[in-house]
Amino acid sequence: INGSVNAKIVGQKAHTIAKLAGVEVPVDTKILIGEVESVDIEEEFAHEKLSPVLAMYKATDFEDAVAKACRLVADGGYGHTSSLYCNAVTERAKIEKFGETMKTCQIG
């Protein structure tokens, strides 16, 4: 609402949030994911939502993905958490690049 988190969704279950948005999902739904393209500050999904609502971004390659993640952290506030899912044996270079680049307090 006006660029801020809708207080009605904070701490609510995914089913409750979906219902508020006029979407029917099973009661046992754990998360809601919205695919978005923009990492600009104007994109509502690019902000912390304090709820089980996540944004999903497609990237053209690993470098594009890291650049998008860096932008989201910069706009959302340095110090948050970041995660990388990849093969820890065969993709060491990606892990090192991600660790060196992300300005977050916790990298998982």
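The structure under discussion appears in the preceding block.
Residues numbered from 1 in each chain as written. Predicted model: local features only at pLDDT ≥ 70, side-chain atom pairs only at ≥ 80, totals over all residues. Heavy atoms only, no water.

Caption draft 1: Looking closely at a nonpolar patch on the surface. Together, Ile31, Ile33, Leu54 and Met56 line one region of the surface with nonpolar side chains, adding up to about 350 Å² of accessible area. Tracing the backbone shows isoleucine 31 in the loop between α1 (14-20) and β1 (32-35). (Patch = residues over 30% accessible without salt bridge, like charges linked within 9 Å, V, L, I, M, F, W, Y side chains within 5 Å. Areas by Shrake-Rupley, 256 points an atom, 1.4 Å probe, with all protein chains shown as cover. Salt bridge = Lys/Arg side-chain N within 4 Å of Asp/Glu carboxyl O. Helix = DSSP H or I, 4+ residues; strand = E, 2+ residues; numbered from the N terminus.)

Caption draft 2: A look at the packing of helix α2 (residues 62-76) against helix α3 (residues 92-101). At a closest axis distance of 11 Å, the pairing of α2 and α3 adopts a crossing angle of 25°. Classified by the angle their axes make, α2 and α3 are roughly parallel. Between α2 and α3 the crossing geometry is right-handed. Along its contact with α2, which presents Phe62, Val66 and Cys70, the element α3 presents Lys94, Lys97, Phe98 and Thr101. Each residue belonging to the contact of α2 with α3 can be placed in one class, and the counts come to 4 nonpolar, 1 polar and 2 charged. (Axes fitted to C-alpha atoms, helices over the stretch in contact; angles between N-to-C directions. Parallel < 35°, antiparallel > 145°, perpendicular 65-115°, else oblique. Left-handed = near helix turned anticlockwise from the far one by under 90°. Contact = heavy atoms within 4.5 Å. Nonpolar A, V, L, I, M, F, W, Y, C, P; charged D, E, K, R; others polar.)

Caption draft 3: Just the pairing of β1, in detail. Judged by which residues are buried, β1 turns out to be one-sided: Leu32 and Gly34 face inward and are buried, whereas Ile33 and Glu35, on the alternate face, are not. Note that β1 and strand β2 (residues 53-56) share 4 bridges and pair parallel. Residue leucine 32 lies in a different strand from β2, and its bridge partner there is valine 53. (Buried < 20%, exposed > 50% of the residue type's maximum accessible area, 1.4 Å probe, protein only. Pairing = 2+ DSSP bridges.)

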